[in-house]
Amino acid sequence: ISIGQFNHQFFIFLYGSAVHLSSYQPPPCPSTDFHLPPTTPLLTLIPSLHPTKSSMTKHDSSGNPLSTILVTGGSGLVGQAIKTYTDTHKLDGETWIFLSSKDGDLRVRADTDKIFEKYKPTHVIHLAAKVGGLFANMKQKVEFYRENTLINDNIMENCRIHKVTKLVSMLSTCIFPDKTTYPIDETMLHNGPPHPSNEGYAYAKRLIDTMNRAYAEEYGCNFTSIIPTNIYGPHDNFSIENGHVIPGLIHKCYKAKQEGTPFTIWGSGTPLRQFIYSLDLAELTVWVMREYHSPDPITLSVDESAEVSIKDVAYAVAKAMKFEGEVVFDTTKADGQFKKTACNKKLRSYRPDYQFTSMEDGIQKSVDWFLENYETARK
């Protein structure tokens, strides 16, 4: 490969054939067995040689775009919310595939390869992860780091090799620095170590942001990430031991009501959090896939004014459950990080009028779903 100039126009010579630069489009995200000669650095200086969105999009015989969207972690909280949303908001030409653990072990490269070969996705929304609450993260730091790193690497490499048009991966506000100023925003992600309680999970997730930029710079891949605040809603994991705050409290309150015992909350109830209802997050995640094209992450969060204490959440759960017993806060248990207020200024610059579901309405819907699906709900 060499570059030449004729009549003030630049041409690239590929194995003896002259091609005008304006018409040359290389294959996006070359596979690992494709090697360029030493002149490769020259090519990276020419913007027209980088992959474009149109060069990575499949079309039918009429020129209409065809999209196969693969959702990892499709049976979980956010995956099911996206399924609910896309059932009524699917665009022409879109086919949605929702994976569960039954489709393969994403920690295993061979299993992940088979999934991509089977479905040949054009877009991927990557939600699958090893997740858990405060106490699970404290006890299993090695497993949270290793398993999430394996999953993320397998997904990203397959997206590169299969020339996926867009990859959207999910991060979390819990991976931000522990010692920081508030509110936190996307630019502060790597400004210090995360809270010690979940550092295994946090560092594995931070690497997604690092690698999104690396894949964009080296291969021209369109990879990005979203940073939601605390998520809750139907199809959540309502485990008291390993679930997140709201579903864990819902299950605890249910048991307290059934057994006639106090509704006991671990910790003082003073930590502050922003919660986003899963159907809101689903809608915004699909918007990111379709409309937001930058390797830089974007925070998907309610406004700062919607931040509430765990104590407020507990009383909202008790009200939704119609629990009339005693509410107790066990201060012998750890509180975890006191606050991690997130700034959604970037989101509001794109979606200034978006209306989030209120915490009261979201918790009521979540409690209703849990009661209706108690026998089959994860718990």
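Before reading further, recall that the structure is shown in the block above.
Residue positions are given per chain, counted from 1 along the sequence in the order it is written. Two thresholds apply to this predicted model, a pLDDT of at least 70 for residue-level local features and 80 or more for giving and counting side-chain atom pairs, whereas whole-chain, interface and lining totals are computed over all residues. Calculation of side-chain values draws on the structure's entire complement of heavy atoms; hydrogens and water are dropped beforehand.

Visitor: Give a description of the environment of Tyr 215 that names residues and reports values.
Guide: Only runs of H or I of at least four residues qualify as helices and only runs of E of at least two qualify as strands under DSSP, and these elements are numbered from the N terminus. Topologically, Tyr 215 is positioned in helix α6 (residues 199-219). Think of it in three bands: residues with accessible area under 20% of the maximum for their type are buried, residues over 50% are exposed, and the middle band is partly exposed, with areas taken using a 1.4 Å probe on protein chains only. Relative accessible area serves as the criterion here: at 6%, Tyr 215 is assigned to the buried category. For the pair Tyr 215 and Pro 295, spaced 80 residues apart in the sequence, the C-alpha separation amounts to 9.0 Å. Note on contacts: a residue pair qualifies if any of its non-hydrogen atoms lie within 4.5 Å across the two residues. Apart from the residues within four sequence positions on either side, Tyr 215 is in contact with Met 156, Glu 157, Arg 160, Gly 220, Cys 221 and Phe 223.

Visitor: Pulling in residues and values, what's your account of the packing of helix α5 (residues 141-161) against α6?
Guide: In this description, a line fitted to the C-alpha atoms serves as the axis of each element, helices being fitted only across the stretch in contact, and the angle between N-to-C directions of two axes falls anywhere from 0 to 180 degrees. In contact at an axis separation of 8 Å, α5 and α6 are set at 20° when each is read in the N-to-C sense. By the angle between their axes, α5 is roughly parallel relative to α6. Along this stretch, α5 crosses α6, giving a crossing that reads as right-handed. Across from Lys 141, Phe 144, Tyr 145, Asn 148, Thr 149, Asn 152, Met 156, Glu 157 and Arg 160 in α5, the residues of α6 making contact are Glu 199, Gly 200, Tyr 201, Tyr 203, Ala 204, Leu 207, Ile 208, Met 211, Asn 212, Tyr 215 and Tyr 219. Under the scheme applied, nonpolar residues are Ala, Val, Leu, Ile, Met, Phe, Trp, Tyr, Cys and Pro; charged residues are Asp, Glu, Lys and Arg; polar residues are all the others, including Gly. Tallied by class, residues from the contact of α5 with α6 come to 11 nonpolar, 5 polar and 4 charged. An angle counts as roughly parallel when it lies under 35 degrees, as roughly antiparallel when it exceeds 145, as roughly perpendicular when it falls between 65 and 115, and as oblique in every other case. Crossings are sorted by hand: turned counterclockwise from the far helix by less than a right angle, the near helix makes the crossing left-handed, and turned clockwise it makes it right-handed.

Visitor: Could you give me a rundown of the packing of aromatic side chains, with the residues and numbers involved?
Guide: Two aromatic rings are characterised by how far apart their centres lie and by the angle between their planes. Paired rings are identified among Phe, Tyr and Trp, the last through its six-membered ring, by centres lying within 6.5 Å, and are further divided according to the angle between planes into stacked (under 30 degrees), edge-to-face (over 60) and tilted (the rest). Here the structure, examined in full by the defined rule, presents 17 aromatic pairs. Here Phe 135 and Trp 266 contribute two aromatic rings whose centre-to-centre distance is 5.2 Å and whose plane-to-plane angle is 85°, an arrangement assigned as edge-to-face. With Phe 135 in helix α4 (residues 134-139) and Trp 266 in strand β11 (residues 263-266), the pair connects residues that are 131 residues apart, well separated along the chain. For Phe 135, a relative accessible area of 23% corresponds to the partly exposed category. A relative accessible area of 31% places Trp 266 in the partly exposed class. Judged by centre distance (6.1 Å) and plane angle (35°), the ring pair of Tyr 215 and Tyr 219 falls under tilted.

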